[in-house]
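Commentary on secondary and tertiary structure
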Amino acid sequence: MTKANNYDDAIHNESFEAPYLTKRITHRSMIYDAGRRKESLSGFWSFGIDQYDTCLRAKWFEEKYQDAEGRYHPMDFSFDEWEKMPVPSCWNTQRERYFLYEGSAVYTRTFLYINHGEERVFLKFGAVNYDAKVFLNKQYLGCHKGGSTPFYIEVTEQLQENNRILVVANNTRKRTNVPCENTDWFNYGGIYRDVELIRLPSSFIRKFTIGLVPDGSFSKLAVELEVDGPQRDGQAIVAIPGLELYRTIELRDGKALATIEAKPELWSPDHPRLYEVTVEYGQDVISEWIGFREIRTEGQRMMLNGQPLFLKGISVHEESVANGKAMSDEEIIENFTLAKEMNCNYLRLAHYPHTERAAQIADEMGLLLWEEIPVYWAIEFDNPETYADAENQLTELIQRDSNRASVIVWSVGNENADTPARLNFMSSLARKAKELDPTRLVSAACMLDHTNHIIKDRLADYLDVIGANEYYGWYQTNFDNLVQLFDNSKPDKPVIITEFGADAKAGHRGTVDEKGTEDCQADIYRKQVDVLGRIPYVQGASPWILYDFRCPRRLHPVTQNYYNTKGLMSEDKSRRKLAFYIMQQFYQDK
């Protein structure tokens, strides 16, 4: 179509985003970076809310301040004079005026780069919610979708001595996203995990996994390596000094699979033994602390290192009052310490990948983890682009945490109606998880058949463990139907009660029949644990939830006030509700 003579692309092109979306950043550019030296580009970035996406429409990143004859243009931006926003952070928690903002925001900063002998350089973004379009020195590098997983970009050719990096972050909720526009948690925005620079040799270790061969002998380690670069044939050295183990592994065409005889002390919540593992290939070296354990199922039982396992857990969101999703190590440790106070050995990290630091800290502290991607409620199960997004997030999560002993379950979603399109979508994800990692369990938090009161979901055929969300005594008001449900159900595999609970405003007391009181919540918990403790195929629980969290759909002015108050603690964790102590005692006795 011929454009009008007065056409202006910056204001008339409503397909402005399409060219940016053709250059996707996916799991294919990931590099294994645990145990590597990284340089932080976090700190204070220039920041501007860009509700109309003018940066992308008018190509601000090109910084064309003059026309071809040297005359200055009027500008709608001045990057270095903008307000400063800390990175990592959620913009919602930094300025009251941004608390409910959804849309695009522009982040930019400059940095100095001097080569110190490295031959390749990558940028790592820990997470940006929800999509990020990244530019370096006026060049577009690509777009990443998925608000909770890391992404990497090679910038070797784009780097200069003085550099400007620019990111357009957009947290707009969309029907086609994973999750879609309707969830049950707060929609934070921004660059809320670290931005880092990684310097590497020309050939480097792109992928590295090591773990017990899952044959029940606990005497062999499986090692998988992939390298990137011109030197694709060579030798890697794997060293575990704590086992007096030093092995040379041959790589051919950039890949190696090897089995090594070894008898490590097994990692468990009671004995979180970690070994320093070092891998060298040419000039590249990775060194990190890794634990070794085996997780499997046996009929209706779960087995850790050959011993029966009951998961004494709690669900938790990645959120703090002060920082939103940009949680500090101290806040993660506080959450895990509180879980241990409740006698937990397990946490369900809902409903999306939490920071990689969570699994690293869980390795050290001795807590088992369920990790999940946000295939939540009613996403577009018949949309191929939505599936590709979900599979990419799953792959990025598995590749990121492949060496974390604490992670025992990959979950492919939560509370989805059992439709044919959903079955095809989520069974494909379950198969993908097993393809990527056959050593861990695959599950999903399923809704139950509350009409016939039975654990029934066609997806269960594709899962190792059935996750079951139930709210008998709360949403399902007749508690006696829970007993009927368990009597009606005959699962041939373990069941984890991934959610149960009730709202309670911290400090709000009343009778057991008054909804929203601690007393009503505690009564429901007493009834729940009394029943759950008697069901042999129930092999764990993760009640909903450790502490109250922000949620725009919760509008009751007394018991909620824009918070989901099903927590066993108040939102600031200053008060333990009555139900906290019920779970503490149940787990102590279990």
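Criteria and cut-off values
Residues numbered from 1 in each chain as written. Predicted model: local features only at pLDDT ≥ 70, side-chain atom pairs only at ≥ 80, totals over all residues. Heavy atoms only, no water. UniProt positions renumbered as here; feature names shortened; annotations may be inferred. Patch = residues over 30% accessible without salt bridge, like charges linked within 9 Å, V, L, I, M, F, W, Y side chains within 5 Å. Areas by Shrake-Rupley, 256 points an atom, 1.4 Å probe, with all protein chains shown as cover. Salt bridge = Lys/Arg side-chain N within 4 Å of Asp/Glu carboxyl O. Helix = DSSP H or I, 4+ residues; strand = E, 2+ residues; numbered from the N terminus. Buried < 20%, exposed > 50% of the residue type's maximum accessible area, 1.4 Å probe, protein only. Domains from an automatic or database assignment. Contact = heavy atoms within 4.5 Å. Buried area = accessible area lost by both parts, 1.4 Å probe. Polar contact = N/O pair within 3.5 Å; in protein donor to acceptor, adjacent residues only side chain to side chain. Pairing = 2+ DSSP bridges. Axes fitted to C-alpha atoms, helices over the stretch in contact; angles between N-to-C directions.

The chain is annotated in an unreviewed UniProt entry as Glycoside hydrolase family 2 of Paenibacillus athensensis. Check the Sequence similarities (unreviewed entry) section of the UniProt entry for the chain; it says "Belongs to the glycosyl hydrolase 2 family."

Let's shift gears to a nonpolar patch on the surface. A surface patch of nonpolar side chains, about 320 Å² in accessible area, is lined by Y65, Y72 and M75. With respect to the helices and strands, the residue Y65 is situated in the loop between helix 3 (54-58) and strand 3 (83-87). Residue classification places Y65 among the partly exposed residues on the basis of a relative accessible area of 33%.

Note on interface size: it is often stated as the accessible area lost on association of the parts. The assigned domain composition of the chain is domain 1 (16-196), domain 2 (215-294) and domain 3 (309-503 + 538-545 + 578-589). Taken residue by residue, the interface counts 32 residues in domain 1 and 38 residues in domain 3. Taken over both partners, the interface formed by domain 1 and domain 3 buries close to 2800 Å², and the fraction arising from carbon and sulfur atoms is 55%. Among the residues of domain 1 in contact with domain 3, H27, V178 and W185 are the three that bury the most area, contributing 22% of the side total. Counting across the domain 1 and domain 3 interface gives two salt bridges. Across the pair K124 and E356 runs a salt bridge, and its minimum N-O distance is 2.9 Å. The interface formed by domain 1 and domain 3 includes 13 residue pairs in polar contact (both at pLDDT 80 or more).

Turning our eyes to something else, we now look at the environment of K312. The residue K312 is located in strand 23 (residues 311-316) in this model. Through-space distance from the C-alpha of K312 to that of N392 is 30 Å; in sequence the pair is 80 residues apart. For K312, the contacting residues outside a window of four places in its chain are N343, C344, N345, Y346, A541, Y587 and K590. Among the polar contacts listed, one links the side chain of K312 to the backbone oxygen of Y587, at a separation of 3.4 Å.

Before going further, it helps to examine the pattern of salt bridges. Under the counting rule described, the total for this entry stands at 54 salt bridges. Note that E14 and R57 form a salt bridge whose closest N and O atoms lie 3.0 Å from each other. Residue E14 is found in the loop between helix 1 (9-12) and helix 2 (18-21), and its partner R57 is found in helix 3; the two are separated by 43 residues along the sequence. Using a relative accessible area of 17% as the deciding quantity, one classes R57 as buried. Between R273 and E265 there is a salt bridge, with the nearest N and O atoms lying 3.6 Å from each other. The class for R273 is partly exposed, based on a relative accessible area of 24%. Shared partners join several salt bridges into a network, and the residues in it are D33, K38, K124 and E356.

Before going further, it helps to examine the UniProt feature "domain: Glycosyl hydrolases family 2 sugar binding" (unreviewed entry) in the chain. This chain's UniProt record puts "domain: Glycosyl hydrolases family 2 sugar binding" (unreviewed entry) on residues 39-201. Secondary structure content for residues 39-201 is 6% helix and 40% strand, and the end C-alpha separation is 16 Å.

With that out of the way, let us pick up the side chain of S443. Positionally, S443 belongs in strand 27 (residues 441-447). Only 2.6 Å separates the side chain of S443 from the backbone oxygen of V465, close enough to count as a polar contact. With residues near it in sequence (within four places) discarded, S443 still touches W370, V409, W410, S411, V412, L463, V465, I466 and G467.

Strand order in the open sheet formed by three strands is 20-21-22, and the pairing between neighbours is antiparallel. The two strands at the open ends of the sheet, each matched to only one other strand, are strand 20 (295-298) and strand 22 (307-309). Averaged over all neighbouring strand pairs, the angle between strand axes comes to 45°, with direction disregarded. One ladder, built from three bridges, connects strand 21 (residues 301-304) with strand 22; its direction is antiparallel. Across the sheet, residue L304 finds its bridge partner in strand 22, namely Q307.

Right, let's get into the UniProt feature "domain: Glycoside hydrolase family 2 catalytic" (unreviewed entry) in the chain. With numbering aligned to this structure, UniProt lists the feature "domain: Glycoside hydrolase family 2 catalytic" (unreviewed entry) at residues 298-508. Secondary structure across residues 298-508 divides into 31% helix and 22% strand, with the first and last C-alpha atoms of the span separated by 44 Å.

Further remarks concern the sheet that holds strand 27. One closed barrel accounts for eight strands, arranged 23-24-25-26-27-28-29-30; its pairing is parallel. When strand polarity is set aside, the average angle formed by the axes of neighbouring strands in this sheet is 30°. With four bridges connecting them, strand 24 (residues 346-349) and strand 25 (residues 368-372) associate as parallel partners. Bridging across to strand 25, L349 finds its partner in E371. Those strands touched by helix 8 (residues 420-436) are strand 26 (407-414) and strand 27, and its axis lies near 155° from that of strand 27.

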